[in-house]
Amino acid sequence: MSSNRTANLTLPADDQILITRDFDAPRRLVYRAWTTPELVKRWWCGERGTMDTVEMDFRVGGAWRYVMTVDGGSEVAFHGEYREIVPEERLVWTEVFEGAPGMTAEEAERNAAVNTAVFTEQEGRTSLWMLTEVPDRAVRDAIIQSGMEAGMQEQMAALEELAASLTD
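Keep in mind that what you see is a predicted model, and the values were worked out from it rather than measured.

Caption draft 1: Up close: the pattern of salt bridges. Taken as a whole and judged by the stated rule, the model has 9 salt bridges. One salt bridge connects Arg 125 with Asp 24, and the closest N-O pair in it is separated by 2.5 Å. Within this pair, whereas Arg 125 is found in strand 8 (residues 125-133), its partner Asp 24 is found in the loop between strand 2 (16-23) and helix 1 (27-35), the two being separated by 101 residues in sequence. Judged by its relative accessible area of 33%, Asp 24 falls in the partly exposed class. For Arg 59, the salt bridge goes to Asp 57, with nearest N and O atoms at 3.0 Å. What makes Asp 57 partly exposed here is its relative accessible area of 34%.

Quick look at the structure:
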């Protein structure tokens, strides 16, 4: 059962989205759920549909791609590349929304977000700090207006529930 905690979303700059959240689970388990394809399939879509594809070449320079079918039947896909991996501490990756409204594939690539996630632990509980950096305010605002916050809240609740259920 999740802790009924919610993530805090702030906009520290015109080109940034900052998400912070605490989890009632140890860092190693939150990180494992975040970085293991079979586990990502269980939390990433929140309550919005089903995960069809979770491909992760989990190494610096490796690619990733997630595809989900949202309730209602449409497909949503994201992909990117891992830029930095510090096990159980820090991840940096790019993220491209495939089929972004009003953008060609090339424009979507140029507007890729760069995400940095930092995992810390205190007394068996994990704090996540995740900064999303985009090219400009228009891209940031389009992400916010897409309804991402509600989906992200569902994701984080599902991630916590999953991580808390894992054992070493």
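Right, picking up where we left off after that structure.
Caption draft 2: Layout of the packing of aromatic side chains. Inspection of every chain in the model, using the stated rule, returns 10 aromatic pairs. Pairing Tyr 31 with Phe 119 gives two aromatic rings, centres 5.6 Å apart and planes at 85°, and the pair type is edge-to-face. Of the two residues, Tyr 31 is situated in helix 1 and Phe 119 in strand 7 (residues 113-122); the sequence distance between them amounts to 88 residues. Here the two residues Tyr 31 and Phe 119 agree in accessibility, since each one is buried. Plain terms: the ring middles of Trp 34 and Trp 43 are 5.3 Å apart, the flat faces sit at 40° to each other, and that makes the pair tilted.

Caption draft 3: Structural context of the nonpolar core. Counting 38 residues, the largest nonpolar core has Trp 34, Trp 43, Tyr 66 and Met 156 as the members making the most contacts within it. For Trp 34, the contacting residues outside a window of four places in its chain are Val 40, Trp 43, Met 56, Tyr 66, Leu 91, Trp 93, Phe 119, Leu 128, Met 130, Met 156 and Leu 159.

Caption draft 4: Expanded view of the layout of surface pockets. The calculated volume of the largest pocket comes to roughly 1200 Å³. Every residue lining the largest pocket is counted, 43 residues in all, and those nearest its centre are Phe 78, Glu 95, Ile 143, Ser 146 and Met 148. A breakdown of the residues in the lining of the largest pocket according to their chemical character gives 32 nonpolar, 9 polar and 2 charged.

Caption draft 5: Representation of the pairing of strand 4 (residues 63-70). Here 7 bridges tie strand 3 (residues 49-56) to strand 4, and the two strands are oriented antiparallel to one another. Note on strand 4: the bridge partner recorded for Met 51 is Met 68. The hairpin turn running from strand 3 into strand 4, its antiparallel successor, is 6 residues long, and Gly 61 in that turn takes a positive phi close to 90°. Between strand 4 and the antiparallel strand that follows it, strand 5 (residues 75-86), lie 4 residues; Gly 72 among them carries a positive phi value of about 110°.

About the criteria used
- Residues numbered from 1 in each chain as written.
- Predicted model: local features only at pLDDT ≥ 70, side-chain atom pairs only at ≥ 80, totals over all residues.
- Heavy atoms only, no water.
- Salt bridge = Lys/Arg side-chain N within 4 Å of Asp/Glu carboxyl O.
- Helix = DSSP H or I, 4+ residues; strand = E, 2+ residues; numbered from the N terminus.
- Buried < 20%, exposed > 50% of the residue type's maximum accessible area, 1.4 Å probe, protein only.
- Phe/Tyr/Trp six-rings, centres within 6.5 Å; stacked < 30°, edge-to-face > 60°.
- Core = buried A, V, L, I, M, F, W, Y, C linked by side-chain atoms within 4.5 Å.
- Contact = heavy atoms within 4.5 Å.
- 1 Å grid on protein atoms, 1.4 Å probe; cavity = no way out; pocket = protein on both sides within 12 Å on 5 of 7 lines; lining within 4 Å.
- Points joined across faces, edges and corners; volume = space filled by probe spheres on them.
- Nonpolar A, V, L, I, M, F, W, Y, C, P; charged D, E, K, R; others polar.
- Pairing = 2+ DSSP bridges.

Remember, this is a structural readout, not a statement about activity or role.
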